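One letter stands for each residue in the lines below.
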Amino acid sequence: MKRFKIFVSIIVLSALSFGIEDVQLLRIMHPYDQYISNLNELGIPLDHAIVRPNGYIEFTASVSEATALENSGVPLVVLQEDLQSFYASRMTGNVTRDFGYGSMGGYYTWDEAVEFLFEIVAEYPNLVSELDTIGYSYEGLPIYAAKISDNPNIDEDEPEMLYDSIHHAREPMGMMNLLYFMQHLCQGYGEDPEITALVNNRELWFIPFVNPDGYIFNYEIAPNGGGMQRKNRQPGCAGTWMGVDLNRNYGFNWNYDNSGSSGDPCNQLYRGPEASSEIEIQNLDEFVTEHDFPIMLNYHCYGNVLIYAAGETPYDLPPEPDLSIYREFGNDMAQYNGYLVGSGEETLNYVVNGDADAWYYNVRGIFSYTPEIGSSSDGFWPETERIIPLAEENVYPNMFVGWAVGSKYRSEAEFDSEVFIPGESYTFTPHIFNQGLGNSLGDVNFDIQVSDNLVLEFSEMNLGTYLSREDNVYDPVSFIVNSSALSGHVAELTIRIWDDVGYMFVDSYEILIGEPMMIFADDAEDGMDNWNSNTWGISSDSYEGNSSFTDSPIGEYDALSVDFMNLALPLDLSDAADAFLNYYVKWDIEAGWDFGQVLASTNGNNWTPLHGGQMSPGSGSGMQSQGEYGYDGSSDWVEDSVSLNEFAGEPYVWIKFQISSDTYVEGDGMYIDNFSVWIYENQSVYGDNNFDGVVDVLDIVSAVNIIINNIELSPEEIQYYDLNNDDELNVLDVVILVGLIVGN
């Protein structure tokens, strides 16, 4: 015990010997606008500030900066006295999984990360290049780059992509994300067709440490993680935090003003003595100019945002068509992790100058993004258990841009009908789009696959070469819904597109067979008779008619509230093969924090969140749970449909509309009009597994053939063969079939 106390004391004294001071998490309550100028004058970083209109602004600052603010009359609330200690308290010791954790609270030290790089080169020499030292840091450390490709040590004529991290030393999750993705690619090569094709046709470059000096300093002052050094270690400050902020040192709009960077060498936002003065930035830029990167990702922490570059000034957006491409790619990348996409001003209400994105876009012509990994609760050093999930949620964005630097295809299908009746003929119009920034590799081809309940004759079509961003519409294609297809069953139509890359880009389109039947409707004209609610009522702001439902009929919704409206009586979906909700919705809900949701329950107590086409993924902050969907931000009236597929066949189903709010910011809420429930009736016959409308010996032959040949059935198929409800097809089901036939 005494030894432990001595060891802790040594660490604390070691930290003090570096002359560092604590960094605190602070909050200024509303009205805080009048104090923003004080923050800017002191050069306090606001690139990770949490701003709640009419609520507060939350930010980090050193103890001396906090003292200066208080002395100038700024009323501060201290949330964390010592962020470094707080972050360290959330870390666990050495833990290993498929992707091993490091010894610095789960994060790799510099030595461990370098060891990881050398080991992955040794283990996958045919995929990972020898490490390229692109230059050295101020303190003489090598800045390593590694390439993943099928011929990693050969410069092939393939599209290139750059991923980098640790511009800021206290943001280690970016580095962990890159190493995780590198391992993901190497382990998946030869096993996963998409990874294999990507690696075979791209040169993917990784620079995990732009700022190794600052990162090592953080280890020296906080070996268990949580160090708060942001800048490199360039001397020039006689105070606590010496160094230059590398992400304020780039030459484009450097020193534009003092609100997005600082001229004070002791400030965390110090931009350096002159543009691109820092050797780390010079090395990186020289490396970039030697390559041809259409896109680059500069990983940072935190905020759950995906930031694209500013235009001619820090306050301008990029011009068209680049702005549309930035937003298109960004929204695609963020479709699963729910990151907010926009410029710095749009996402953080904060404008910087001398940053990497603006330099590489405006000077080098690269679509440069800054993903800020993690929520405000994750902070600069997310707790150990969050490392893997945060890395996993960025695999898709990393894969997306890996493709988008070259050819990348997607399709759209415009159907001529919304109802699909068995035996009838329909058409759809295919759109084929090269979404990527590179031309096709050889000719582009596409074909169309359909499920068994559709009939379509279509030969593979050669489209010739496609230029970058080329989008073409082709002649309508006819198909027939099989006359034996059952109502409520899903039919699938799949468009597959490929060029000489050797990978098919696949888009599937599902249609429901049959004509839906409306079983319930409420247009709000007769009041709240069909609903139970704690606050909801009737509004004259309607999509159609005189009335709609709303959570707050008078004014805005309340803070710290969960306001709901649910059906007083359950729906009977026992005869439904499928079902869905349809309604018009309008909302004004605090983005990223409050949430409007639709839920369903089979008992009125346990509720399942549903997913509508107009909903957004939860941010993980405030009332928004990641993995759930709902409405936030604002929208005028739009139509939305919500599947009830998982509740089809249930005799009792309740529906609930709910808006959940935290403190500080409230909005006008949610409005619902023309609510209706639709079902596709179940037309299947018990035991009829070949869907010919009768139960006969052919159904026995079909079942026996599957059992003898050990054919694997999908969950949808099993439901027609599994007659005794034991979740499998076996001889007992055949016995029941025989009984049905003999009984008939």
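Report on the accompanying structure. (Residues numbered from 1 in each chain as written. Predicted model: local features only at pLDDT ≥ 70, side-chain atom pairs only at ≥ 80, totals over all residues. Heavy atoms only, no water.)

Overview of the overall build of the chain
Looking only at helices and strands, the chain features 17 helices and 34 strands. Its C-alpha atoms give the chain a radius of gyration of 29 Å, near enough to 27 Å, the size a compact globule of 744 residues would have. Each principal axis of the C-alpha atoms in the chain carries an extent, and together these give about 95 × 65 × 60 Å. Looking at the chain alone, contacts between residues at least 24 apart form 75% of all its contacts between residues at least 6 apart. A total accessible area of about 30800 Å² is found for the chain, and carbon and sulfur atoms account for 48% of it. Here the chain holds 24 positive side-chain charges and 119 negative ones, and the gap between their average locations is 15 Å. (Helix = DSSP H or I, 4+ residues; strand = E, 2+ residues; numbered from the N terminus. Rg over C-alpha atoms; globule rule 2.2 N^0.38 Å. Contact = heavy atoms within 4.5 Å. Areas by Shrake-Rupley, 256 points an atom, 1.4 Å probe, with all protein chains shown as cover. Lys, Arg positive; Asp, Glu negative; His and termini not counted. Charge placed at Lys NZ, Arg CZ, Asp CG, Glu CD.)

Looking at the sheet that holds strand β33 (residues 654–661)
Read from one edge to the other, the open sheet built from five strands follows the order β23-β26-β33-β28-β29, with strand pairing classed as antiparallel. For this open sheet the edge positions go to β23 (531–533) and β29 (608–609), each flanked by a neighbour on one side alone. Where strand β28 (residues 595–601) meets β33, seven bridges bridge the pair, whose relative direction is antiparallel. Note that in β33 the partner of Gln 597 across the bridge is Gln 658. (Pairing = 2+ DSSP bridges.)

Focus: the state of the cysteines
Under the definition given, this model contains one disulfide. What pairs with Cys 237 in a disulfide is Cys 266, and their sulfur atoms sit 2.1 Å apart. Disulfide Cys 237-Cys 266: torsion about the S-S bond near 110°, hence right-handed. One end of the pair, Cys 237, is in the loop between α8 (212–221) and α9 (279–289); the other, Cys 266, is in the loop between α8 and α9, with 29 residues separating them in the sequence. Looking at Cys 266, the relative accessible area reads 30%, which means it is partly exposed. (Disulfide = S-S within 2.5 Å. Buried < 20%, exposed > 50% of the residue type's maximum accessible area, 1.4 Å probe, protein only.)

With respect to helix α17 (residues 731–743)
Note that an α-helix has 3.6 residues per turn; residues three or four places apart therefore point the same way. With 13 residues, α17 extends 18 Å from end C-alpha to end C-alpha; this agrees with the ideal 18 Å at 1.5 Å per step. Within the sequence span of α17, burial applies to Asp 733, Val 734 and Leu 737. Down the axis of α17, the sector holding all buried residues measures 100°, keeping them to one side. In α17, the exposed residues that point more than 90 degrees away from the buried face are Val 731, Val 735, Val 742 and Gly 743. Structurally, the start of α17 carries an N-cap: the backbone nitrogen of Leu 732 is 3.1 Å from a side-chain oxygen of Asn 730. (Expected span 1.5 Å × (residues − 1). Arc of directions from axis to C-beta. Polar contact = N/O pair within 3.5 Å; in protein donor to acceptor, adjacent residues only side chain to side chain.)

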